[in-house]
Amino acid sequence: MHRMIHACLLTSMLTLVAIAQDSADTNASSDPPLKWWKGNLHTHSLWSDGDQFPEMIADWYQQRGYNFLALTDHNVLSEGDRWMPLSKIIARSDEGILNRYRVRFGNDWVETRGDQPSDREVRLKPLSEFRNLIEQRGEFIMIPAEEISDKAEGKPVHINATNLAVAIEPAGGATVREVMQNNLRAILDHEKSHGREVLPHINHPNFHYAVTADDLAAVTSERFFEVYNGHPGVNHLGDDDHPSVERIWDLVNAIRRTGVSVDPMMGIATDDSHEYHGKPGSRPGRGWVMVRSRYLTPEHLIRAMKRGDFYASSGVLL
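These figures come from a predicted structure and were not determined experimentally.

Another point: the overall build of the chain. Helix and strand counts for the chain stand at nine helices and 12 strands. Here the C-alpha radius of gyration of the chain, 20 Å, is about what a compact globule of 318 residues would show, namely 20 Å. Overall, the chain is about 65 × 55 × 40 Å in size when its C-alpha atoms are taken along their principal axes. In the chain, buried positions account for 50% of the 318 residues. Surface summary for the chain: the accessible area is close to 14400 Å², and the carbon and sulfur share equals 50%. Computing the positive centroid from 34 side-chain charges and the negative centroid from 44, the chain places the two 3 Å apart.

With the rule as written, the count across this model stands at eight aromatic pairs. Look at Trp60 and Tyr61: their rings are 5.0 Å apart centre to centre, the planes differ by 70°, and that puts the pair in the edge-to-face class. Ring pairing ties together the aromatic residues Phe53, Tyr101, Phe105 and Trp109, which thus form one cluster. Lys38 extends its terminal NZ or CZ atom over the ring of Tyr66, reaching a point 4.4 Å from the ring centre. When the ring centre of Phe105 is taken as reference, the NZ or CZ atom of Arg104 above it lies at 4.6 Å.

Judged by how many residues are buried, helix H2 (residues 54–63) sits mostly within the fold: eight of 10 residues are covered. Within H2 the residues assigned to the buried category are Pro54, Glu55, Met56, Ile57, Ala58, Asp59, Tyr61 and Gln62. Contacts made by the buried residues of H2 are with strand E1 (35–40), strand E2 (68–71), helix H4 (97–105), helix H5 (127–134) and strand E6 (141–152). Backbone geometry just after H2 places Gly65 at a positive phi near 85°.

The next point concerns the environment of Gly285. Within the secondary structure, Gly285 is located in the loop between strand E10 (266–270) and strand E11 (288–293). A sequence separation of 221 residues divides Gly285 from Arg64, and the C-alpha atoms of the two residues are 8.8 Å apart. Ignoring sequence-local partners within four residues, the contact set of Gly285 consists of Trp60, Tyr61, Tyr66 and Asp271.

If you trace the backbone, His158 turns up in strand E7 (residues 155–162). For His158, a relative accessible area of 12% puts it in the buried group. A polar contact is formed between the side chain of His158 and the side chain of Glu147, at a distance of 3.0 Å.

Enumeration according to the criterion identifies 14 salt bridges in this entry. The salt bridge involving Arg123 is made with Glu111; its shortest N-O contact spans 2.7 Å. Here Arg123, found in strand E5 (residues 121–124), pairs with Glu111, found in the loop between H4 and strand E4 (112–113); they are 12 residues apart in sequence, far enough to count as distant. The closest approach of N and O atoms between Glu129 and Arg123, which form a salt bridge, is 2.9 Å. Look at Glu129 and you get partly exposed, because its relative accessible area is 29%. One connected set of salt bridges, linked through shared partners, spans Asp81, Glu111, Arg123, Lys125 and Glu129.

Now for the confidence of the model for the chain. Of all residues in the chain, 91% have pLDDT values of 70 or greater, and the mean over the chain is 92. A low-confidence stretch, residues 7–17 (pLDDT under 50), is modelled with 11 contacts involving residues beyond four sequence positions or located in other chains. Throughout residues 24–28 the model reports pLDDT below 50, and contacts reaching past four residues in sequence, or to other chains, amount to three contacts.

Ranked by size, the top nonpolar core spans 31 residues in total, and within it Phe53, Leu69, Ile89, Tyr101, Phe130 and Met142 carry the most contacts. Counting residues per element, the ones that place at least two in this core are H2, E2, helix H3 (86–92), H4, E5, H5 and E11. Beyond its immediate sequence surroundings of up to four residues, Phe130 is in contact with Pro54, Glu55, Ala58, Leu71, Trp109, Lys125 and Met142. Counting 28 residues, the second-largest nonpolar core is a separate cluster that includes Ile148, Ile159, Val219 and Met265.

Ordered in space as E3-E5-E4, the three strands form an open sheet in which the pairing is antiparallel. Among the strands making up the open sheet, the edge pair consists of strand E3 (82–85) and E4. Across four bridges, the pairing between E3 and E5 is antiparallel. Bridge assignment links Trp83 to a residue of E5, and that residue is Arg123.

This part is about the environment of Met265. Tracing the sequence through the fold places Met265 in the loop between helix H8 (245–260) and E10. Separated by 12 residues in the primary sequence, Met265 and Asn253 place their C-alpha atoms 6.2 Å from one another. Those residues in contact with Met265, other than ones at most four positions away along the chain, are Leu216, Glu222, Arg223, Phe224, Phe225, Trp249, Val252, Asn253 and Arg256.

Criteria and thresholds
- Residues numbered from 1 in each chain as written.
- Predicted model: local features only at pLDDT ≥ 70, side-chain atom pairs only at ≥ 80, totals over all residues.
- Heavy atoms only, no water.
- Helix = DSSP H or I, 4+ residues; strand = E, 2+ residues; numbered from the N terminus.
- Rg over C-alpha atoms; globule rule 2.2 N^0.38 Å.
- Buried < 20%, exposed > 50% of the residue type's maximum accessible area, 1.4 Å probe, protein only.
- Areas by Shrake-Rupley, 256 points an atom, 1.4 Å probe, with all protein chains shown as cover.
- Lys, Arg positive; Asp, Glu negative; His and termini not counted.
- Charge placed at Lys NZ, Arg CZ, Asp CG, Glu CD.
- Phe/Tyr/Trp six-rings, centres within 6.5 Å; stacked < 30°, edge-to-face > 60°.
- Lys NZ or Arg CZ within 6 Å of the ring centre and 35° of its normal.
- Contact = heavy atoms within 4.5 Å.
- Polar contact = N/O pair within 3.5 Å; in protein donor to acceptor, adjacent residues only side chain to side chain.
- Salt bridge = Lys/Arg side-chain N within 4 Å of Asp/Glu carboxyl O.
- pLDDT = per-residue confidence, 0-100.
- Core = buried A, V, L, I, M, F, W, Y, C linked by side-chain atoms within 4.5 Å.
- Pairing = 2+ DSSP bridges.

Below you can see the structure in the form of structure tokens.
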């Protein structure tokens, strides 16, 4: 994480001047002061391949000082009516999951159906229904998001899109590079058609060693990727035949600056959390972004990140 630490320190030095100027501006206006907001932009729940109810996950982050969270289940937004067999929920987690859910949110909140244990189902609450239980003005917000999970050439190609209005179907393509380009085009079209700020970022490039530095450098419409992902299966450090993700970051920006002369790729850190019950796996709290903004809203957070007014960390706090 040396490169990330250096980037963090550089970011803090660059922001000192801006802070001084913004302090003067704040004294002359009624705008709220600039603040650092902590958030995770890659999170999975029972809506796809996570093992916990979404409001329990949101509560975990809110209770631990995070300010924003994006639920990014695979190819779906947490909306609509969905029921899941209790047997499948228990198989992913443990026998006590439903009781813990009831203890936290109450018997009336937890909805089940089916008279026999073998056919009992639990309703998964959509974001629109549970967010008011979790969100706190100026303290914690939820952001609707999706992990667009596609593939090409036998390899997974995953792109997160944060602050969506509706789910985006995977666009497909003949090559890894084409899949990235097609899905990014769909995200940008969504942003324009819905009139909202959307943040796309490429996920875990070394997952199955699917995305190379050349691929990332060539897809010039993308400016963000996961330089750190907390999932233990994403080959973050590379191997004898593949560079680490940190090295990929160096290569991408060297190519971009000397070859195609476009804006550098910026690195973010995420949990990619799936497991919330103390078992080994992709657990929460491992990687996050700190975003500098006056307002805790999806639009202001994303605009700040697009300006580069953030840093990523897997432990260091400035």
